[in-house]
Amino acid sequence: MERNVTAVDLQAKAEALAKEGVVGITVAWVDNNGITRSRTVPVEELPSVAERGVGVTTLFAVFDSHDGITFGHPGLSTPSGDVRLVPVADRLVRLAGQPAFAWAPGRQVAADGSAWPYDQRGVLERQVERAAGLGLEFRAGYEMEFHLSRTEPGAAEVLSGPAYGPRVLLDVDGFAAQLLRDLRDNGVRVNQFHAEYGPAQFELSIAAADPLTAADQQVLARQTIHAAADAHGLRASFAPLVTTEGVGNGWHLHTSLSRDGVNLLSGGAEPYGMTAEGAAYLAGLLRDLPAVTAVTAPSVPSLHRLRPGYFSSAFTFWGVENREAALRFVPATDLLGASHANVELKPSDASANPYLALGVVIASGLAGIADGLTLPEPVQEDPSSWSAEQRDRRNIHRLPTTPEEQRKALLGNDRVRATLGEELLGAFAAVRAADQAWAEGKTIQDVVAAHLWRY
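What counts and how
Sequence positions are assigned chain by chain, starting from 1 and proceeding in written order. Where totals are concerned, whole chains, interfaces and linings use all residues; where local detail is concerned, this predicted model gives features only for residues with pLDDT of at least 70, and gives and counts side-chain atom pairs only at 80 or more. Calculation of side-chain values draws on the structure's entire complement of heavy atoms; hydrogens and water are dropped beforehand. We call a set of buried residues a nonpolar core when its members are Ala, Val, Leu, Ile, Met, Phe, Trp, Tyr or Cys and they connect through side-chain atoms within 4.5 Å of each other. Three exposure classes are used, based on accessible area relative to the maximum for each residue type with a 1.4 Å probe and protein chains only: buried under 20%, partly exposed in between, and exposed over 50%. Working rule for contacts: check all heavy atoms of both residues, and any pair within 4.5 Å makes them a contact. Here a pair means two rings of Phe, Tyr or Trp (six-membered ring of Trp) with centres within 6.5 Å. Their orientation is stacked below 30 degrees between planes, edge-to-face above 60, and tilted elsewhere. A ring is considered to have a charge above it if a Lys NZ or an Arg CZ atom is located within 6 Å of its centre and within 35 degrees of its normal. Strands are runs of DSSP state E lasting at least two residues, helices are runs of H or I lasting at least four, and both sets are numbered from the N terminus onward. Taking the helix axis as origin, the arc is that swept by the directions to the C-beta atoms.

1. Let's talk about the nonpolar core
Then step 1. Counting 90 residues, the largest nonpolar core has Phe-146, Leu-148, Phe-175, Phe-202, Ile-225, Leu-327 and Leu-420 as its most contacted members.
Then step 2. Every residue in contact with Leu-420, bar those within four places of it in the chain, is listed here: Val-123, Val-295, Leu-356, Val-360, Leu-410 and Leu-425.
Then step 3. With 29 residues, the next largest nonpolar core counts Ala-14, Val-56, Phe-60 and Phe-63 among its residues.

Structure below.
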């Protein structure tokens, strides 16, 4: 967990980093499109910046996916205003793949240092505090899928091969070796790394941690992957879709919750070993799924990625180890132990802000517990093969497929609205509307191509 870092600590840290050859500190945050933004300051300014921050425009809250600025949100409808970006100093790390720089996640605060309602990290901080007040602790981990391309003009693509095969990794052996070293040195614990199903697609699984650490490390992992790829003449894309025909890139979000150190998704009398609270947590996610996915898979390409038959999830249901399920329950086993039980949210991708995504997941799950929800029977098949009548009988519906449906689901859910807060919700909705307006009249191929290198 985070701790307070004194000015003396920071001065000593800045001096030590300078002696190691670090010249700059990159402070990063993620906007409402899932795009990382940053400021870099000289290393000797670390103590001052940690206390006072560095100025950034309020309008980053209403940047769209294409760096357009929408003035459609009344709270940020003029070019006036400034906030302070303050590094979370306890998370400072020297970048193994960029040794002249160190990195830290940032908080956005008002000019007087008070909380700013548009700060996305603050949304997650509040939900973690709320859970702690209820005696609950969360763990979260990410599976991050991405595509690799070569950067040299006219160079052949990264070779494809048998899905999940070592032959594919052999083609990027130097990149893979550096990536694992750099992630280790950057303090990002990795469960596994492999070639994925799609051509030139790879997946990295980050070990579970507390929610704030998980979100911070997801952002740091992106930076690490991009740097390692660049060092080997490669370019990484986390975009939800790389082509319109193939599988897309998901950033599957795994969560679990515990009370007094006991995982509530195992060891209980409910089906598949869940406790009543654990089942209610999952039921809360299921109830709010359309609104949750409007935050966890919010972009126009996201909507096209969530197609039946692509293991990306298209319908509102849960299943046990069912990879078509939007909510895939992973039960505990004798081999892996009780702590292994978790819920995987599959409709999640790089266009989501990780702090907002985790924040709404926790909030919806907590609401399920508060309301004492119970789970319907799990679905172990692919409902896309069923008739509409069969799906209706099981209360299974398609997730939003258009920006209009997505907006209606988001704005119509009071629990998700309250989690984001009216100010941030307004900015988020304005950004989504700007993206929708940008995409109008364009082919899906053009939309996918325009997002490819945003992530």
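After that view of the structure, there is still more to cover.
2. Quick word on the packing of aromatic side chains
The way to describe two aromatic rings as a pair is by their centre distance and the angle between their planes.
Then step 1. Under the definition given, this model contains 13 aromatic pairs.
Then step 2. Their ring planes at 55° and their centres at 5.0 Å tell us that Trp-116 and Tyr-118 sit as a pair that is tilted.
Then step 3. Among the residues examined, Trp-116 registers a relative accessible area of 11% and is labelled buried.
Then step 4. On the basis of relative accessibility, which here comes to 6%, the residue Tyr-118 falls in the buried class.
Then step 5. Through a chain of ring-to-ring contacts, three or more aromatic side chains come together here, namely Phe-146, Phe-175, Phe-193, Phe-202, Phe-238 and Trp-251.
Then step 6. The residue whose ring lies beneath Arg-398 is Phe-315, and the NZ or CZ to ring-centre distance is 5.9 Å.
Then step 7. We note Lys-442 situated over the ring of Trp-438; from NZ or CZ to the ring centre the distance is 4.3 Å.

3. Examining helix 12 (residues 403-411)
Then step 1. Every buried residue of helix 12 is listed here: Gln-406, Ala-409 and Leu-410. Seen from one end, helix 12 has its buried residues packed into an arc of 100°, which puts them on one side.
Then step 2. In the core, the buried residues of helix 12 are packed alongside helix 8 (289-296), helix 9 (300-305), helix 13 (414-420) and helix 14 (422-439).

Such coordinate-based values are descriptive only and should not be taken to indicate function.
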